[in-house]
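Remarks on the overall topology
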Amino acid sequence: MLITLTCSAPHAPEVGYLLGKNPASVFARPFSAGTVHVFYPEVADDRVTIALLVEIDPVGLVRGPAALARLDQYVNDRPYVASSLTSVAVNTAFGSAMAGRATKEHIERLDERMCWQVSLPALACDGGVDLITRIFAPLGYTVATTRLPLDPAFPGWGEADLYSVHLEGEQTVQRVLGHLYVLLPVLDNSKHYYVGADEADKLLAHGGAWLAAHPERELIARRYLRYQRPLVQSALARLAESDPALAPDAALADAAAAATDGDTPAPPDPIEAALGLHEQRLNAVLVAVREIGATSLADLGCGEGKLLARALDEPALARIFGMDVSTQALARARRALHFDTLPPARRARIEVAQGSLLYRDRRLEGFDAAALVEVVEHLDTPRLRAMERVVFQYARPRRVIVTTPNREYNVRWPAIGAERLRHRDHRFEWTRAECQAWAERVAATYGYRAARQELGPVDPTLGAPSQLIIFDRLDDSTTPTPAPEQASE
Ligand code: SAH
């Protein structure tokens, strides 16, 4: 089984650093179902082709781990077609690139969109050309497919559920690999291994960044997770209410919307509700910003810049600053905000920069308002304390607006339940009382007044899914109130 990936970009051989595979040598590694080889049939300054050759051992498949023994034939198409086994091979060969790791000198290029052509000479798919197109087109690929005969020597035998597929589109390395990893088993629909809870984690890890906006996300989750309802629901709910930093970039959302064409079934309730929730958060934050007549706003932990984009549409905000610890999130924010082509007057109002909320930072001083939208729950206790000092003792904006989940509401999402948190990177999720207690302590320590509000549809016993806390500075001086301890580090 062979797949080729052709990448056209300036200094294309540098892709080798991103993939962790030297263009000058051949890589081979055994995996559970055979051996995967990687080599470069074409290397030029502006274009490289990467070949992934997967040798499946069909006898080994049957003799191998019990989970694989479900393929009850020694003779089958697995050695020759791109299928769920190929997906394992992709991960074996390119696991570090898929996880977003690369050498320091080249890490910036992980985020670069390059022109990729993917050739899958024999792709197993039980849903026809239509399904292949519905799956790949919304991700920004042009898709060309040819159905293959069962046996070219015997045309009378008819056609196989196999397609020769050619994809072309602008993608980052991580995306193109994530697409193959997640979507080959989805199309194949005969995933060879046992599907447990960690499969949902894999789906979110490799699909989270683009799956949320995919019009076929439900179909993808159902097939990937082999129709196991609780897993599918949990994955979809986590996707919807996941770290907004995982949300798709604007171009992808547009492509997904264009591909929807109005005939995709409406997503089920919790997902719709949760997606609407983030909009409600951003609206609520902006209402609180307007309320004090703020002319400057710092968005702390700005992620991909959703709040920043809306802030730019508020003419009163003459100075907007987005800060995040993640350079990748900031690169996406700059792209989503069209930084390079913003009219000069708008461009002059906004700046984004990398920084950490754990360290005192003079760039954060002098703002009327600061927002931390779905950020505090990502900080463990010592970091939360450091952030409190950085924001409330040193930066001291007139108003600080914080949003965070209400854990009590999680039981309303059966897929999350009472025990689990909404996102794997959440260090905690507060109940309403815990949130209130935190807000009161911070306010009392640093000279603010705190008011907690419900955010989203209110359940009479559980409250709303999200909570908003508005801190208003009591004094008008910008002198820091002495705090019990020094800011750490
Ligand atoms: N506010 C954004 C993103 C929320 S996700 C939105 O609502 O869409 C949480 C963000 O906090 C991530 O982008 C993460 O990179 C950022 N973050 C986490 N720890 C941080 C820290 N110590 N300093 C600054 N940003 C941090």
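Predicted, not measured: the structure shown is a model, and the values here were computed from it.

In this fold, glutamine 117 is placed in strand E5 (residues 114-124). Polar contacts involving the side chain of glutamine 117 include one to the side chain of arginine 47, which spans 3.5 Å. A polar atom in the side chain of glutamine 117 sits 3.4 Å from the side chain of glutamate 168.

Once that is clear, we can look at the confidence of the model for the protein chain. When pLDDT is averaged across the protein chain, the result is 83; 83% of the residues are at 70 or more. Across residues 478-483 the pLDDT falls below 50, and counting only partners more than four positions away or on other chains, this stretch makes 11 contacts in the model. Considering only residues more than four positions removed or in separate chains, one finds that residues 485-489, a stretch of pLDDT under 50, has 10 contacts.

A few words now on the sheet that holds strand E4 (residues 47-56). Strand order in the open sheet made by the seven strands is E2-E3-E4-E1-E5-E7-E6, with antiparallel pairing throughout. The open sheet has two edge strands with one neighbour each: strand E2 (27-31) and strand E6 (142-149). Each strand of the sheet is rotated relative to its neighbour by a mean of 15°, with strand direction disregarded.

For an α-helix, 3.6 residues make a turn, and residues three or four places apart therefore share a direction. Its 15 residues give helix H15 (residues 432-446) an end-to-end C-alpha distance of 21 Å, which sits within 8% of 21 Å, the value for a rise of 1.5 Å per residue. Among the residues making up H15, those that are buried are Cys435, Trp438, Ala439, Val442, Ala443 and Tyr446. All buried residues of H15 lie within an arc of 125° about the axis, which places them on one face of the element. For H15, the exposed residues set more than 90 degrees away from the buried face come down to Ala433 and Ala444. Those residues of H15 that are buried are in contact with helix H14 (381-395), strand E12 (399-405), strand E13 (448-455) and strand E14 (466-473). Following H15 by one or two positions, glycine 447 has its phi on the positive side, about 80°.

In the structure shown here, the tally under the stated rule is eight aromatic pairs. Taking 5.7 Å as the distance between ring centres and 90° as the angle between the ring planes, the aromatic pair formed by tryptophan 438 and phenylalanine 471 counts as edge-to-face. With tryptophan 438 in helix H15 and phenylalanine 471 in strand E14, this residue pair connects regions lying 33 residues apart in the sequence. Phenylalanine 471 shares its class with tryptophan 438; the two are buried. Members of the aromatic cluster, joined through ring pairs, are Phe392, Phe428, Trp430, Trp438, Tyr446, Tyr448 and Phe471. One cation-aromatic arrangement involves lysine 21 over phenylalanine 27; the distance from NZ or CZ to the ring centre is 4.3 Å. Over the face of the ring belonging to phenylalanine 367 we find arginine 319, whose NZ or CZ atom lies 4.0 Å from the ring centre.

Glancing now at helix H12 (residues 327-336). When H12 is considered as a whole, its buried residues turn out to be Ala329, Leu330, Arg332 and Ala333. For H12, the angular spread of the buried residues around the axis is 160°, confining them to a single face. Buried residues belonging to H12 abut strand E9 (319-324) and strand E10 (350-354). Positive phi appears at histidine 338, one or two residues downstream of H12, with a value of about 55°.

The next subject is the sheet that holds strand E11 (residues 369-373). Strand order across the open sheet formed by seven strands is E10-E9-E8-E11-E12-E14-E13, with mixed pairing between neighbours. Each edge of the sheet is formed by a strand with only one pairing partner; in this case those strands are E10 and E13. Averaged over neighbouring strand pairs, the angle between their axes works out to 15° when direction is ignored. Seen against the sheet, H12 touches E9 and E10 and runs at an angle of roughly 160° to E10. The strands touched by H14 within the sheet are strand E8 (296-300), E11, E12, E13 and E14, with E12 carrying the most contacts at an inclination of about 150°.

How each quantity is defined
- Residues numbered from 1 in each chain as written.
- Predicted model: local features only at pLDDT ≥ 70, side-chain atom pairs only at ≥ 80, totals over all residues.
- Heavy atoms only, no water.
- Helix = DSSP H or I, 4+ residues; strand = E, 2+ residues; numbered from the N terminus.
- Polar contact = N/O pair within 3.5 Å; in protein donor to acceptor, adjacent residues only side chain to side chain.
- pLDDT = per-residue confidence, 0-100.
- Contact = heavy atoms within 4.5 Å.
- Pairing = 2+ DSSP bridges.
- Axes fitted to C-alpha atoms, helices over the stretch in contact; angles between N-to-C directions.
- Expected span 1.5 Å × (residues − 1).
- Buried < 20%, exposed > 50% of the residue type's maximum accessible area, 1.4 Å probe, protein only.
- Arc of directions from axis to C-beta.
- Phe/Tyr/Trp six-rings, centres within 6.5 Å; stacked < 30°, edge-to-face > 60°.
- Lys NZ or Arg CZ within 6 Å of the ring centre and 35° of its normal.

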